[in-house]
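# Observations on chain architecture
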Amino acid sequence: MKSQSQRGPVFIGEEEIARRVSEMAAEISRDYAGQTPHFIAVLNGAFIFMADLLRKIELPLTLDFMAVSSYQGTESSGEVELIKDLSRPIGGRHVIIVEDIVDTGITLEYLLEYMHARKPASLKVAALLSKPSRRLRDVPVDYLGFEIENAYVYGYGLDRDQLDRNLPYITSLP
Ligand code: IMP
Ligand code: MG
């Protein structure tokens, strides 16, 4: 592991992220009015997005975390492994999966099947980023922050070989 983090140029800045996350939260708050949605963040990448998104949601809500691994270094392995399971049942709940980025869609496809089998009342997806040109699976993204080109991005929860998740903005590899 490198000890020095290299802070690349700003690709999506803090204010732009904050603005978009607030808009997404407002949309979710409207769509789920009168309900108590259950948010499931996909660790590790979604932890900062989840924290910012939920603080802008004006509804009673519950949350949980799941961890899967499908990425080795900066190359997708195409295999999804369950690392941390749900802590509580989701049957009958209005579930929203919170993802950092949808790339090939393999991870999200796995998660959707996994959760669907547990019979939630409804199941939707909120993702901060999406790279549609990389898609190998046709997966729905109901709430999307930003659509981006095919570049490896990191910061704001996303890693570059486990580093730089703490960058407050999103940058990309040159
Ligand atoms: P998938 O290819 O859609 O299954 O993406 C799997 C996971 O890889 C995502 O949830 C991210 O955690 C990670 N990932 C994909 N693209 C990037 C990227 O550009 N930067 C950092 N992580 C990424
Ligand atoms: Mg992820």
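Computed from a predicted model, the values in this text were never measured in an experiment. (Residues numbered from 1 in each chain as written. Chains lettered and ligands numbered in written order. Predicted model: local features only at pLDDT ≥ 70, side-chain atom pairs only at ≥ 80, totals over all residues. Heavy atoms only, no water.)

## Description of the overall build of the chain
Counted only if it meets this: Going along the chain from the N terminus, every DSSP run of H or I of four or more residues is numbered as a helix, and every run of E of two or more is numbered as a strand. For a compact globule the rule gives 2.2 Å times the number of residues to the power 0.38, and the radius of gyration it is set against comes from C-alpha atoms. Burial classes: relative accessible area under 20% of the type maximum marks a residue as buried, over 50% as exposed, and values in between as partly exposed (1.4 Å probe, protein chains only). Every residue pair with non-hydrogen atoms within 4.5 Å of one another is taken to be in contact.
Helix and strand counts for the chain stand at 3 helices and 8 strands. Tracing the chain from N to C terminus, the helices and strands come up as α-β-α-β-β-β-α-β-β-β-β. For 174 residues, the compact-globule estimate of 2.2 N^0.38 gives 16 Å, and the C-alpha radius of gyration of the chain, at 16 Å, lies within 12% of that figure. Taken over the C-alpha atoms alone, the chain extends approximately 45 × 35 × 30 Å along its principal axes. Expressed as a percentage of its 174 residues, the buried residues of the chain come to 46%. Within the chain, residue pairs in contact and separated by at least 24 positions form 67% of the contacts whose partners lie at least 6 positions apart.

## Structural notes on the site of ligand 1
Keep this limit in mind: A single heavy atom is enough: if one lies within 4 Å of a molecule or strand, its residue is considered near that molecule or strand. We call two N or O atoms a polar contact when they sit within 3.5 Å, provided that within protein one can donate a hydrogen and the other can accept it, with sequence-adjacent residues counted only if both atoms are side-chain atoms. Accessible surface area values rest on a Shrake-Rupley calculation with a 1.4 Å probe, where residue burial reflects the displayed protein chains alone.
Near ligand 1 there are 17 residues, and of these Asp 103, Thr 104, Gly 105, Thr 107 and Val 153 occur at the shortest range. One of the side-chain N or O atoms of Glu 99 is found 3.3 Å from an oxygen atom in ligand 1. Contacts to ligand 1 include Thr 107, whose side-chain N or O atom sits 2.5 Å from an oxygen atom. Contact with the protein chains removes 92% of the 490 Å² of surface that ligand 1 exposes when unbound. Elements with a contribution of two residues or more to the shell around ligand 1: strand E2 (62–72), strand E4 (94–102) and helix H3 (106–116).

## Brief notes about the packing of aromatic side chains
Aromatic ring pairs are defined here through the distance separating the ring centres and the angle between the ring planes. Operational definition: For Phe, Tyr and Trp, rings pair up if their centres lie within 6.5 Å, where Trp contributes its six-membered ring, and each pair is then called stacked (planes under 30 degrees apart), edge-to-face (over 60) or tilted (otherwise). A ring has a charge above it when a Lys NZ or an Arg CZ is no more than 6 Å from the ring centre and no more than 35 degrees off the ring normal.
Inspection of every chain in the model, using the stated rule, returns 1 aromatic pair. When the ring of Tyr 110 is compared with that of Tyr 114, the centres are 6.0 Å apart and the planes differ by 25°; the resulting orientation is stacked. Highlighted residues: Tyr 110 and Tyr 114, both in helix H3, separated by 4 residues, approximately one helical turn. When its relative accessible area of 24% is taken as the criterion, Tyr 110 is described as partly exposed. Above the ring of Tyr 114, the side-chain terminus of Arg 118 is found at 3.6 Å from the ring centroid. The aromatic ring of Tyr 154 is capped on one face by Arg 160, whose charged end is 5.2 Å from the ring centroid.

## Some words on the pairing of strand E1 (residues 38–43)
The condition is simple: If DSSP finds at least two bridges between two strands, the strands pair.
Of all 6 residues in E1, 5 are buried; the element is thus mostly enclosed. In terms of strand pairing, E1 meets E4 through 4 bridges, oriented parallel. Among the inter-strand pairings, Phe 39 is bridged to a residue of E4, identified as Ile 96.

## Side note on the pattern of salt bridges
Our working rule: Salt bridge criterion: a side-chain nitrogen from Lys or Arg within 4 Å of a carboxyl oxygen from Asp or Glu.
Scanning all chains against the criterion turns up 8 salt bridges. With a shortest N-O distance of 2.6 Å, Glu 23 and Arg 20 are connected by a salt bridge. With Glu 23 and Arg 20 both in helix H1 (residues 14–31), this residue pair falls 3 residues apart, about one helical turn. Given the relative accessible area of 42%, Glu 23 is considered partly exposed. Judged by relative accessible area, Arg 20 falls into the partly exposed class, the value being 22%. Arg 137 is paired through a salt bridge with Glu 109; the nearest N and O atoms lie 2.8 Å apart. Of this pair, Arg 137 sits in the loop between strand E5 (122–130) and strand E6 (143–147) while Glu 109 sits in helix H3, placing them 28 residues apart in sequence.

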